[in-house]
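# Analysis of the macromolecular model
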Amino acid sequence: MNTNIRLYGLRGAVCADNNAESIIKAVCTMCSSLFSYNIVLPENIVSIQFTITSDLTALNPAAALRKGKCGLDVSRCALFCSQEPATEHMLPKTIRVLVTTYMTEGSEPHHVYIQGAEKLRPDFAEK
């Protein structure tokens with residue numbers, strides 16, 4: 001293993017409407033941004049884990065990523081999805097992601113919170 005790389009966790013979140021088209025578009029926009037900002041290569045991805053709020057039932061975000069052809073071939077990546085735990089005042093219609101990937105040591109991870117999810121982490125929102 002190259003000693004100039006280490007494992008990083010990249011976070012993101014996006015809001016979507018409860019239909020397949022909206023979920024595919026939201027997941028692709030979020031993941032494409034994460035991949036391009038952080039120069040993520042498919043062979044360096046360990047896993048991609050999604051959570052989804054219970055009001056989004058039209059499509060699993062892992063399936064959305066595969067169907068959306070988001071600019072990076074993730075067909076061999078380990079994808080996983082679970083339901084976000086319900087809490088008071090939670091942001092509805094939200095998809096969250098954790099991409100575990102190897103990147104160059106010393107990289108500054110760029111997290112992506114977009115399309116209404118900026119409320120979750122204003123410190124990571126685009127300015």
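Residues numbered from 1 in each chain as written. Predicted model: local features only at pLDDT ≥ 70, side-chain atom pairs only at ≥ 80, totals over all residues. Heavy atoms only, no water.

Here we come to helix α2 (residues 61-68). If you check which residues of α2 are buried, you get P61, A62, A64 and L65. Along the axis of α2, the buried positions cluster into a sector of 160 degrees, meaning they face one direction only. In this structure, the buried residues of α2 make contact with α1 (20-37), β2 (45-52), β3 (78-83) and β4 (94-104). Two or three places before A62, at the opening of α2, N60 has a side-chain oxygen 2.7 Å from that residue's backbone nitrogen. Once α2 finishes, K69 follows within two positions and takes phi at roughly 45 degrees, a positive value. (Buried < 20%, exposed > 50% of the residue type's maximum accessible area, 1.4 Å probe, protein only. Helix = DSSP H or I, 4+ residues; strand = E, 2+ residues; numbered from the N terminus. Arc of directions from axis to C-beta. Contact = heavy atoms within 4.5 Å. Polar contact = N/O pair within 3.5 Å; in protein donor to acceptor, adjacent residues only side chain to side chain.)

On to the pattern of salt bridges, then. Within this structure, the stated rule accounts for two salt bridges. Ionic pairing is found between R96 and E84, a salt bridge with its closest N-O pair at 3.6 Å. Remark: E84 occurs in the loop between β3 and β4 and R96 occurs in strand β4; sequence separation between them is twelve residues. Exposure class is identical for R96 and E84. Each is buried. Here R121 ties to D123 by a salt bridge, and the two come within 2.6 Å at their closest N and O atoms. Look at D123 and you get partly exposed, because its relative accessible area is 46%. (Salt bridge = Lys/Arg side-chain N within 4 Å of Asp/Glu carboxyl O.)

Below, the discussion takes up the nonpolar core. Counting 33 residues, the largest nonpolar core has F35, I48, F50, L65 and I95 as its most contacted members. Broken down by secondary-structure element, the contributors of at least two residues to this core are β1 (5-15), α1, β2, α2, β4 and β5 (112-114). Residue contributions to this core peak at eight residues, all from α1. Setting aside anything within four residues of it in sequence, one finds I48 in contact with F35, L65, V74, A78, L79, F80, V97, L98 and V99. Of all hydrophobic cores here, the second largest spans five residues; its members include A13, C15, Y113 and A117. (Core = buried A, V, L, I, M, F, W, Y, C linked by side-chain atoms within 4.5 Å.)

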